[in-house]
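Now for the letters of each chain:
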Amino acid sequence: MCPYTALNFKEDAHNRKMTLSHYATTLTTSMGLTHILSLSQNESKINLRIARTPTQGPTLTFQVTSFSLMKHVKSIQRRPVVNPALYLSPPVVITNNFGDISAAPHVKLMRITFQNMFPVIHVANVKLSDCRRVVLFNYIRKESDGNSESSEKEDEIVEVRHYAIKATPVGLNRKVRRIIQAKIPNLSKLDDISDYITGKTSTGEAAPSATNSASYASDSEPEDETSHVTLPQSLNKNNKKSTTSALKLVELGPRLRLKLYKVERGLSNGDVMYHAFVKKTAEEAAELKKRKESENTLKKRRREEQEANVAKKMAVKEEKREGKRRRKEEREKEMMDSLRGVGDAVANGDGDDDKEEDESSGTEEQSESEEEDSDDDNEEEEE
């Protein structure tokens, strides 16, 4: 699924009880997800659900009949491909044996879902350097005779394979090709590099082996000419434009065998559009659909009632908060008014004291002037 996938996404412990629709509405808006893949396991089987978002479905539920991880695939390969640059571009999607327009509706839905899980590749504008991987969805349908239970279990299986595209130049000596591919052998026992290419020394004798197990034991050039193609664009430094290269697929893993057994209209909560094990008549399907619609209507009404109750509680809480704020403002205003009254009283008391001081000072000045006048009169009488 790389590079358009959430590799570091982890489930929150608080959201483990949330439904698939909750995840869809929460994640699609913020992360731009188009599909959600959900794995679940019990004692008997492993289920894989693929849900389309944000269009609220449909949801395809598969039973994983068998699987192999990437490490298991690499462990059986002699030279596994390990190249992180392969995952920098989306893979090429191939759907095989899903039929044409005459196929069953659930088969068409599977094919469309698998194709829409990956970005669309425009053939006219695509670059060969971006085509590094292939994802194959192979639809296998075995005709059952009605007597064998194993044949019924193997009916309508989808095999999923993941490959890396490997291109090798054609028309070059294998030793020269290894040097071009930067697989330089150990030349310590040779006198010249021409001894390694020709296999003979300058005297005509056989040259010592110059390769080790890691460099020599590589894939030989494919002999099937049907895999030889002329490149319209440059693929990498070893496969240039207008050169002939041999294409080969190297499996990366994982491997999956999926059996579709249920298709739901919504996100795991709508009416069942297809079921592989339970068959219903048209009347039963209509009754089930009607019951689902009534359940959805009831759920919607309850949700609206709950939202109305929550809004009413919030309004009451807001009214209480507003009343507290208003009473607090009134108390602060009263306190400020009382403080202003005390300040005015104090200011009036200070004014009366100043007036008394002025009157006393005026009386003292008047007595002093009368004493001075009496002294002057006494002096005149003595003279």
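Undergrad: I keep staring at the overall build of the protein and nothing clicks. Help me out?
TA: For the protein, the helix and strand inventory stands at eight helices and ten strands. Taken across its 383 residues, the protein has 24% of its residues classed as buried. Taking all contacts inside the protein whose residues are at least 6 apart in sequence as the whole, residues at least 24 apart take part in 60%. Element-wise, carbon and sulfur atoms account for 51% of the exposed surface of the protein, whose accessible area totals about 27100 Å².

Undergrad: Just to check I follow, could you spell out the nonpolar core for this structure?
TA: The nonpolar side chains of soluble globular proteins are, as a tendency, buried together. Formed by 22 residues in total, the largest nonpolar core has its most connected members in Phe-62, Phe-98, Met-110, Phe-114, Phe-137 and Val-158. If we ignore the near neighbours within four places in the chain, the residues touching Phe-114 are Ile-50, Phe-62, Val-93, Phe-98, Phe-137 and Val-158.

Undergrad: Sorry, what's going on with a positive patch on the surface here?
TA: A cluster of basic residues, Lys-320, Lys-324, Arg-326, Arg-327, Lys-328 and Arg-331, forms a positive patch at the surface. Mapped onto the secondary structure, Lys-320 falls in helix H8 (residues 282–382).

Undergrad: Where do I start with the pairing of strand E6 (residues 157–169) in this structure?
TA: Walk down a regular strand and you will see the side chains alternate between the two sheet faces. Counting buried residues in E6 gives eleven out of 13 residues, a clear majority hidden from the surface. Where strand E5 (residues 133–140) meets E6, eight bridges bridge the pair, whose relative direction is antiparallel. Bridge pairing links Val-134 to Tyr-163 in E6. Strand direction decides the pairing type here: E6 and strand E9 (residues 255–264), joined by four bridges, are antiparallel. Note that in E9 the partner of Ile-157 across the bridge is Lys-259. Bridging between E6 and strand E8 (residues 244–251) involves seven bridges; their strand directions are antiparallel. The residue of E8 that forms the bridge with Ile-165 is Leu-249.

Undergrad: Explanation requested: the environment of Gln-41 in the structure shown.
TA: Note on placement: Gln-41 falls in strand E1 (residues 35–41). C-alpha of Gln-41 to C-alpha of Val-64: the two residues are 23 residues apart in sequence and 9.8 Å apart in space.

Undergrad: Any chance you could explain a nonpolar patch on the surface here in plain terms?
TA: Taken together, the side chains of Met-335, Met-336 and Leu-339 define a hydrophobic patch exposed on the protein surface, amounting to about 320 Å² of accessible area. Take Met-335: it is sitting in helix H8.

Undergrad: Hey, could you run me through the packing of aromatic side chains in this one?
TA: Each aromatic ring pair is specified by the distance between its two centres and by the angle formed by the two planes. Summed over all chains, the structure comprises six aromatic pairs. Consider the rings of Phe-62 and Phe-114, whose centres lie 5.9 Å apart with planes at 25°: the pair is stacked. On the criterion of sequence distance, the pair formed by Phe-62 in strand E3 (residues 59–68) and Phe-114 in helix H3 (residues 105–116) is long-range, its members being 52 residues apart. For Phe-114, a relative accessible area of 1% translates into the label buried. An aromatic cluster is defined as three or more aromatic residues linked by ring pairs; in this entry it consists of Phe-62, Phe-98, Phe-114, Phe-118, Phe-137 and Tyr-139.

The rules behind each value
Residues numbered from 1 in each chain as written. Predicted model: local features only at pLDDT ≥ 70, side-chain atom pairs only at ≥ 80, totals over all residues. Heavy atoms only, no water. Helix = DSSP H or I, 4+ residues; strand = E, 2+ residues; numbered from the N terminus. Buried < 20%, exposed > 50% of the residue type's maximum accessible area, 1.4 Å probe, protein only. Contact = heavy atoms within 4.5 Å. Areas by Shrake-Rupley, 256 points an atom, 1.4 Å probe, with all protein chains shown as cover. Core = buried A, V, L, I, M, F, W, Y, C linked by side-chain atoms within 4.5 Å. Patch = residues over 30% accessible without salt bridge, like charges linked within 9 Å, V, L, I, M, F, W, Y side chains within 5 Å. Salt bridge = Lys/Arg side-chain N within 4 Å of Asp/Glu carboxyl O. Lys, Arg positive; Asp, Glu negative; His and termini not counted. Charge placed at Lys NZ, Arg CZ, Asp CG, Glu CD. Pairing = 2+ DSSP bridges. Phe/Tyr/Trp six-rings, centres within 6.5 Å; stacked < 30°, edge-to-face > 60°.

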